[in-house]
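An overview of the molecular structure
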Amino acid sequence: MTVSRARRSVFAVPGSSEKMIGKALEFRVDQIFLDLEDAVAPEAKELARQLISSAGQKKFKAPIVSLRINSIESTWFSDDIALLNSGIGRWVDSIVLPKVRHAADVHRVSELLQEIERSSNRDEGAITIDAQIESAEGLVNCEEIARAPRVTSLNFGPADFMADLGMTSAEVTSNEYALMKILVAARAAGIAAIDGPTLEVRDIAKFESSASIAAAMGFDGKWVLHPDQIDSCHKIFTPTQDRFDDASCLLEAYEYFTSTAGGAKGAAIYQGAMIDEASRKMALAIVSRGSAAGLHPTKHFQL
Ligand code: GLV
Ligand code: MG
């Protein structure tokens, strides 16, 4: 697994809040999305479209700026596509697509995005899709969704998922079965896997516990709903410098042992344990994730 771009934090900004959009300009997160879906009341959808249109001229610090449109089956979908056609399609990096049921949903949106790219003079495929898996049907079909055109990440939506399954727990939590299925589908397709939000924004311990579970499973990142969650999110989804250095030394050691000078060994003993090709791949996953987050090695392998 290699990671070329950090996707640790995905900040959700309600599109109908001018104040939040203004604050979000400064957020140093890996991705923000301006929301037209569930964080915006039906009566405020049009206001949100107007605010997002004018936000486009401003400059966000986040390297990926996305728009969450309403789902394909909703009555707002066509107006959201019209908004993309009216100018936002010129600058938006990706569409967060909620309530994806099967690959056909993605194909439909992908065709519409192709037209938007043509009319905005952008390269084909410039606007990617972050697919939300938040229903039983979406989870069952997440493998085909992960391989559908333009999809660069699967995002778990725990609240809608619980509602769809009829789960009655008062607390919204990420379900480990769903997370693992999403992770496997994403990795098989070579794309990112992102955990959904923790709703209790004042309870940082809860955010950290949920983020730690997702990070240990191998997820790339998590949704963030409040600025207080950003630092924890980055800390948890970035390898520590020690871990990064250990992994990077292991890669150097393995390169040496497999070379002619090092005896051309497939497996070797390094720091008391056997390392082989699988160890190299595990170390590479840590090094590529750390590098994408801006880490550099501070130690090197020595014989
Ligand atoms: C996010 O969209 C969720 O439903 O949890
Ligand atoms: Mg949802």
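Residues numbered from 1 in each chain as written. Chains lettered and ligands numbered in written order. Predicted model: local features only at pLDDT ≥ 70, side-chain atom pairs only at ≥ 80, totals over all residues. Heavy atoms only, no water.

With that out of the way, let us pick up the site of ligand 1. If you check the shell around ligand 1, you find Arg68, Gln132, Glu134, Gly157, Pro158, Ala159, Asp160, Pro197 and Trp223 and nothing else. Here an oxygen atom of ligand 1 sits 2.8 Å away from a polar atom, N or O, in the side chain of Gln132. Pro158 is positioned such that a nitrogen or oxygen atom in its backbone is 3.1 Å from an oxygen atom of ligand 1. Here ligand 1 has 190 Å² of accessible area as a free molecule, and 91% of this is covered by the chains. No other element matches the three residues that helix 7 (residues 158-165) contributes to the shell around ligand 1. Of the residues assigned to the shell around ligand 1, the class counts are four nonpolar, two polar and three charged. (Near = heavy atom within 4 Å. Polar contact = N/O pair within 3.5 Å; in protein donor to acceptor, adjacent residues only side chain to side chain. Areas by Shrake-Rupley, 256 points an atom, 1.4 Å probe, with all protein chains shown as cover. Helix = DSSP H or I, 4+ residues; strand = E, 2+ residues; numbered from the N terminus. Nonpolar A, V, L, I, M, F, W, Y, C, P; charged D, E, K, R; others polar.)

So, about the sheet that holds strand 5 (residues 128-133). As summarised here, the arrangement of the eight strands in space is 1-2-3-4-5-6-7-8, forming a closed barrel in which the pairing is parallel. Averaged over all neighbouring strand pairs, the angle between strand axes comes to 25°, with direction disregarded. Both strand 2 (residues 31-35) and strand 3 (residues 64-68) contribute to a ladder of five bridges, which runs parallel. Looking at the pairing, Ile32 lines up with Val65 of strand 3. Sitting on the sheet, helix 9 (residues 204-217) touches strand 7 (192-195) and strand 8 (221-224), and the angle it makes with strand 8 is about 150°. (Pairing = 2+ DSSP bridges. Axes fitted to C-alpha atoms, helices over the stretch in contact; angles between N-to-C directions. Contact = heavy atoms within 4.5 Å.)

Ideal values for angles at a metal depend on the geometry: 109.5 degrees with four tetrahedral donors, 90 or 180 degrees with six octahedral donors. Coordination of the magnesium ion (ligand 2) by the protein involves Glu134 (OE) and Asp160 (OD), with metal-donor separations of 2.1 to 2.2 Å. Taken together, the residues span a long stretch of sequence, with Glu134 in the loop between strand 5 and helix 5 (136-140) and Asp160 in helix 7 at a distance of 26 residues. When its relative accessible area of 4% is taken as the criterion, Glu134 is described as buried. (Donors = N, O, S within 2.8 Å, 3.2 Å for Na, K, Ca; no water. Buried < 20%, exposed > 50% of the residue type's maximum accessible area, 1.4 Å probe, protein only.)

To continue, consider the nonpolar core. Judged by nonpolar contacts, the single largest core of 68 residues is most densely connected at Ile32, Leu67, Leu84 and Leu154. Beyond its immediate sequence surroundings of up to four residues, Leu84 is in contact with Leu67, Ile69, Gly89, Val92, Ile95, Leu113 and Ile116. In this structure, Ala247, Ala268, Ala283 and Phe301 belong to the second largest nonpolar core, which totals 16 residues. (Core = buried A, V, L, I, M, F, W, Y, C linked by side-chain atoms within 4.5 Å.)

Summarising the element assignment, Gln132 is placed in strand 5. Once residues within four sequence positions are removed from consideration, Gln132 is found in contact with Arg68, Val96, Leu97, Pro98, Lys99, Val100, Asn155, Gly157 and Trp223.

What follows is about the pattern of salt bridges. A pair can form between side chains of opposite charge whenever their charged atoms are brought close. Taken as a whole and assessed by the stated rule, the structure comprises 19 salt bridges. As a salt-bridge pair, Arg68 and Asp35 come within 2.7 Å of each other at their nearest N and O atoms. With Arg68 in strand 3 and Asp35 in strand 2, the pair connects residues that are 33 residues apart, well separated along the chain. A salt bridge links Asp160 to Lys99, with the shortest nitrogen-to-oxygen separation between them at 3.0 Å. Here Asp160, found in helix 7, pairs with Lys99, found in the loop between strand 4 (94-97) and helix 4 (103-119); they are 61 residues apart in sequence, far enough to count as distant. A residue is classified by how much of its surface remains accessible, and Asp160, at 22% relative accessible area, is partly exposed. Residue Lys99 is classed as partly exposed on the basis of its relative accessible area, which comes to 22%. (Salt bridge = Lys/Arg side-chain N within 4 Å of Asp/Glu carboxyl O.)

On to the packing of aromatic side chains, then. Going through the model one piece at a time under the given rule, you end up with seven aromatic pairs. Three or more aromatic residues joined by ring pairs make a cluster, and in this case those are Tyr256, Phe257, Tyr270 and Phe301. If you follow Lys45 out to its NZ or CZ, it ends over the ring of Trp76, 4.5 Å from the centre. (Phe/Tyr/Trp six-rings, centres within 6.5 Å; stacked < 30°, edge-to-face > 60°. Lys NZ or Arg CZ within 6 Å of the ring centre and 35° of its normal.)

Once that is clear, we can look at the side chain of Gln229. Along the chain, Gln229 turns up in the loop between strand 8 and helix 10 (230-237). The exposure class of Gln229 is buried, given its relative accessible area of 0%. Within polar-contact distance, the side chain of Gln229 engages the backbone nitrogen of Leu225 at 2.8 Å. Not counting residues up to four positions away in its chain, the partners in contact with Gln229 are Thr198, Glu200, Val201, Ile204, Phe207 and Val224.

In this section: the domain arrangement of the protein chain. Considered domain by domain, the protein chain is made up of domain 1 (9-237) and domain 2 (241-292). A straight line from the C-alpha centre of domain 1 to that of domain 2 covers 35 Å. (Domains from an automatic or database assignment.)

This part takes up the pairing of strand 7. Burial of strand 7 is two-sided: the residues Ala192 and Ile194 facing one way and the residues Ala193 and Asp195 facing the other way are all buried. Sheet topology note: the strand 6 (residues 151-156)/strand 7 ladder contains three bridges and is parallel. Of the residues in strand 7, the one forming a bridge with Leu154 is Ala193. Across two bridges, strand 7 lies against strand 8 in parallel orientation.

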